[in-house]
Amino acid sequence: MDPFYRFADREAFYWGISIIFALPLIILTWRSKPPWAKSLAICGAILIVFTFPSLRLLYLLLPLSHLLWPHYFAGFAALSIIASSLAFFPVKKWAFPFRFPFSKAGPVIVIVIILSAAFLLDSFFSVRLLAHTGARAHNLMESAEMLQAAPGWRVATIDLSQLGSAPSYLFVEASGREQVFGWAWQGATTSNNIMLLNTGLEFQYYPFLFRSCLFLGATDLLVKDDVIKDPHTFSLEAENAGYSHIVTIDGISIWHAGIDRPYLVEMKDDCLVIGEYAPSIAMHFPDVEMGVSSYIDSYDPEDLRRYSSVILYGAKWRSKARAEQVILDYAASGGQVFVELMGMPEDVLAKQPEFLGVYGEMVFLRDPLSLVGRKGDRYQLDPFSLEDIEVWKTFALQGLDEVELEFDYYGMSAPVYGHRLVGNKKIHFLSGNLVHHAFLTKDAVAQELLKDIFALRSEFTAVSLIPLLDYQATENGYVMSCRVENDVDVIVPVAALDGMRVEMDGEPWPYKVYENLLRLSIPAGEHEIVIYLEKTPVYRWGAALSMISLLFLGYGLFYMRKKL
């Protein structure tokens, strides 16, 4: 423990020396503590220990660790230790391992005085670190003033959280703008959307970054320039997506979309990716839609017919027969299906992933893949490159009717891409873990292969935005109006929450979910849309359970009173 660590960085989390000092004193006086004080000491010590970096991995293995962060309970842990350290049995029950000659209360008095002085002294040096209002950076202030003066809707801060919490206040309170995400976005419904946005920024998948910003309603971007690893490519992709550079102020740039008011996004039903690894494909091909569920049998075949192709990557099922039937019905309607077996459940008997009669035999590679096409074309992929990946795990496909790509594995042909005829329809299968390899290495050969296989674009061009005629965010939801020339499916840049209800022109209106955002089908004409929340079934069940518990508690108290 370095007592001066707290002065190095005001934003760093730090446990006071006095709290740690109180723990051994609690142990020394353990026999003199009442049961509630012992419980508090144990709970506080556990919460303190879980904040240590060396034990972070252990904590992450616990259920709900992604929701219950130890730092959030730091106040309770500190209060528990303080309360436990100052709590003792009555005088007659004192049992200290040492005694003072002055009085029976001597040990307690000395301990309380020492601890109180330590707590007060520790707090004296720390309070200014915890409660401080330093001057805000002038570039943030100037940016906020520019946003306040210019028309727009939402602002997204592209900074990987390096600018701290100041933008959350400045852009909302000072500039009057909505935010795509604030300082504590981790618990939001759209937290996965934001996490993937940051992943696109870190791995330089800029088309996906701008696509995500537009879908989330960002008319303005505030970019911390030094988090952009490739400024030239960033600028080109920003312009392709419809964002233009406005100004740079001491390392912070402002970019503005080609629209100055709240809007809806017209949907493209090109390709749907189903499975937990869907983001890896979306990073390469930002026009795809990532399915909200990883379970194939949770999709309606009628809804799938809207898409020209469906990709399964890390997909699962509750009923395999039902999942296969959903895909066969979709293929029969004319849709193209691509299946990557990686991440799929294993067959119980074969201990291999299997779908529609095609199996994946596990193989382990140490050398880069050298692929051979059906016409003899050769494709040499880059090494797997990452230092922590010594062996590349993938599948050799078994059961294909025609092989289009393969590699040599110990003198045997190992298929990587091909198709199987099921009911006279081609179902395409892909292996080699090519998508993940391309995501990690950005290998141009692998990326071109994927583009040819899926027939998708790696670029993201500006989508059609429908400006809202009127928009208002209320305590209960949103009220907006729009005019469309034709029937259209749109993405509403609003989180799709449980219990959400939509009305159009005063009538209940069905909605769907697009990557945690609201999706609506709007007929031609001018319409008023009202979005609001109702109490969910979980809320009603919780209220009923609380009432039943109160009744039991009342009965118990009444019964105990009669007994006494």
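To be clear, the structure that these remarks concern was listed above.
Report on the accompanying structure. Predicted, not measured: the structure shown is a model, and the values here were computed from it.

## What to know about helix α6 (residues 138–149)
Taking 1.5 Å per residue as the helical rise, α6 with its 12 residues ought to reach 16 Å, and the 17 Å between its terminal C-alpha atoms agrees with that figure. Turning to α6, its buried residues are Asn139, Leu140, Ser143, Ala144 and Leu147. All buried residues of α6 fall inside an arc of 135° around its axis, so they share one side. For α6, the exposed residues lying more than 90 degrees away from the buried face are Glu145, Gln148 and Ala149. Next to the buried residues of α6 lie β1 (154–158), α7 (166–174), β3 (218–224), β4 (243–249) and β5 (252–257).

## A word on the packing of aromatic side chains
Aromatic ring pairs are reported here in terms of the distance separating the ring centres and the angle at which the planes meet. Counted according to the given criterion, the structure contains 17 aromatic pairs. Centre to centre, the rings of Tyr206 and Phe234 are 5.3 Å apart; their planes meet at 85°, and the pair counts as edge-to-face. Here Tyr206 is found in helix α9 (residues 206–215), whereas its partner Phe234 is found in helix α10 (residues 231–240), with 28 residues between them in sequence. Look at Tyr206 and you get buried, because its relative accessible area is 1%. Of the residues examined, Phe234 reaches a relative accessible area of 3% and is grouped as buried. Ring geometry for Phe210 against Tyr243: centres 5.8 Å apart, planes inclined by 40°, an arrangement best described as tilted. With Phe210 in helix α9 and Tyr243 in strand β4, the pair connects residues that are 33 residues apart, well separated along the chain. Across this residue pair, the class does not change: Phe210 and Tyr243 are buried. The cationic tip of Lys33 hangs over the ring face of Phe88; the distance from NZ or CZ to the ring centre is 3.9 Å. The ring of Tyr295 has Arg318 sitting right over it, with the charged end atom 4.0 Å from the ring centre.

## Comments concerning the side chain of Thr219
Counting through the fold element by element, Thr219 comes out in strand β3. Setting aside chain neighbours within four positions, we find Thr219 in contact with Gly152, Trp153, Arg154, Arg177, Tyr243, Trp255, His256, Ala257, Ile259, Arg261 and Tyr263.

## Brief notes about the sheet that holds strand β11 (residues 354–355)
Strand order in the open sheet formed by 3 strands is β11-β12-β15, and the pairing between neighbours is antiparallel. Every other strand in the sheet has two partners, leaving β11 and β15 (392–398) as the edge strands with one partner each. Here 2 bridges tie β11 to strand β12 (residues 358–365), and the two strands are oriented antiparallel to one another. Residue Phe355 lies in a different strand from β12, and its bridge partner there is Val358.

## Re the packing of α6 against α7
At a closest axis distance of 9 Å, the pairing of α6 and α7 adopts a crossing angle of 30°. As far as their axial angle goes, α7 and α6 are roughly parallel. The element α6 and its partner α7 pack so that their crossing is right-handed. The segment α6 lies against α7, with Leu140, Met141, Ala144, Leu147 and Gln148 engaging Ala166, Pro167, Leu170, Phe171 and Ala174. Taken together, the residues that form the contact of α6 with α7 break down as 9 nonpolar, 1 polar and no charged.

## Re the sheet that holds strand β19 (residues 465–467)
One open sheet holds the 5 strands; their spatial order is β19-β6-β22-β26-β25, and the pairing between them is antiparallel. The strands lining the two open edges of the sheet, one partner per strand, are β19 and β25 (512–514). The average angle at which neighbouring strand axes cross in this sheet is 40°, direction not considered. With 3 bridges connecting them, strand β6 (residues 263–266) and β19 associate as antiparallel partners. Bridged to Tyr263 within β19 is Pro467.

## Looking at a nonpolar patch on the surface
A cluster of nonpolar side chains, Leu64, Leu68, Trp69, Tyr72, Phe73 and Phe76, forms an exposed patch at the surface whose accessible area comes to about 590 Å². Structurally, the position occupied by Tyr72 is in the loop between α3 (56–60) and α4 (74–85). Its relative accessible area of 53% is what places Tyr72 among the exposed residues.

## Describing the pairing of strand β9 (residues 309–313)
Burial analysis of β9 places 5 of its 5 residues in the buried class, which makes it a mostly covered element. Residues of β9 alternate between two faces, with Ser309, Ile311 and Tyr313 on one and Val310 and Leu312 on the opposite face, all of them buried. As judged from the 4 bridges shared by strand β7 (residues 271–274) and β9, these two strands associate in the parallel manner. Each residue of the ladder has a partner; that of Ile274, found in β9, is Leu312.

## Some thoughts on the side chain of Asp220
In this structure, Asp220 sits in strand β3. Separated by 2.6 Å, the side chains of Asp220 and Arg177 make a polar contact. Asp220 has contacts with Leu147, Pro151, Gly152, Trp153, Arg154, Val155, Ala156, Arg177, Trp255 and His256, leaving out every residue within four places of it along the chain.

## What about the environment of Ala238?
Residue position: Ala238 is located in helix α10. Separated by 184 residues in sequence, Ala238 and Val422 have C-alpha atoms that sit 43 Å apart.

## Thoughts on unusual backbone geometry
Even without glycine at this site, Leu160 takes up a positive phi of about 55°. Mapped onto the elements, Leu160 comes out in the loop between β1 and α7. The class for Leu160 is partly exposed, based on a relative accessible area of 29%. The phi angle at Ser161 is positive, at roughly 65°, despite the residue not being glycine. Within the secondary structure, Ser161 is located in the loop between β1 and α7. Accessibility expressed as a relative area gives 45% for Ser161, which makes it partly exposed.

## Brief notes about helix α8 (residues 191–202)
The end-to-end C-alpha separation of α8 is 16 Å, in line with the 16 Å expected for 12 residues at 1.5 Å each. Among the 12 residues in α8, 9 count as buried, and that is most of the element. Among all positions in α8, only Ser191, Asn193, Ile194, Leu196, Leu197, Asn198, Thr199, Gly200 and Leu201 are buried. Tucked inside the fold, the buried residues of α8 contact β1, α9, α11 (278–284), β8 (289–290), α14 (434–441) and β26 (517–522). After α8 finishes, the residue Gln204 shows a positive phi value of roughly 65°.

## A few points about the environment of Met283
Among the secondary structure elements, Met283 is positioned in helix α11. A C-alpha to C-alpha distance of 9.2 Å links Met283 and Phe203, two positions 80 residues apart in sequence. Excluding residues that lie within four positions of it along the chain, Met283 makes contacts with Leu196, Thr199, Gly200, Tyr205, Phe208 and Phe439.

Reading the values: the criteria
Residues numbered from 1 in each chain as written. Predicted model: local features only at pLDDT ≥ 70, side-chain atom pairs only at ≥ 80, totals over all residues. Heavy atoms only, no water. Helix = DSSP H or I, 4+ residues; strand = E, 2+ residues; numbered from the N terminus. Expected span 1.5 Å × (residues − 1). Buried < 20%, exposed > 50% of the residue type's maximum accessible area, 1.4 Å probe, protein only. Arc of directions from axis to C-beta. Contact = heavy atoms within 4.5 Å. Phe/Tyr/Trp six-rings, centres within 6.5 Å; stacked < 30°, edge-to-face > 60°. Lys NZ or Arg CZ within 6 Å of the ring centre and 35° of its normal. Pairing = 2+ DSSP bridges. Axes fitted to C-alpha atoms, helices over the stretch in contact; angles between N-to-C directions. Parallel < 35°, antiparallel > 145°, perpendicular 65-115°, else oblique. Left-handed = near helix turned anticlockwise from the far one by under 90°. Nonpolar A, V, L, I, M, F, W, Y, C, P; charged D, E, K, R; others polar. Patch = residues over 30% accessible without salt bridge, like charges linked within 9 Å, V, L, I, M, F, W, Y side chains within 5 Å. Areas by Shrake-Rupley, 256 points an atom, 1.4 Å probe, with all protein chains shown as cover. Salt bridge = Lys/Arg side-chain N within 4 Å of Asp/Glu carboxyl O. Polar contact = N/O pair within 3.5 Å; in protein donor to acceptor, adjacent residues only side chain to side chain.

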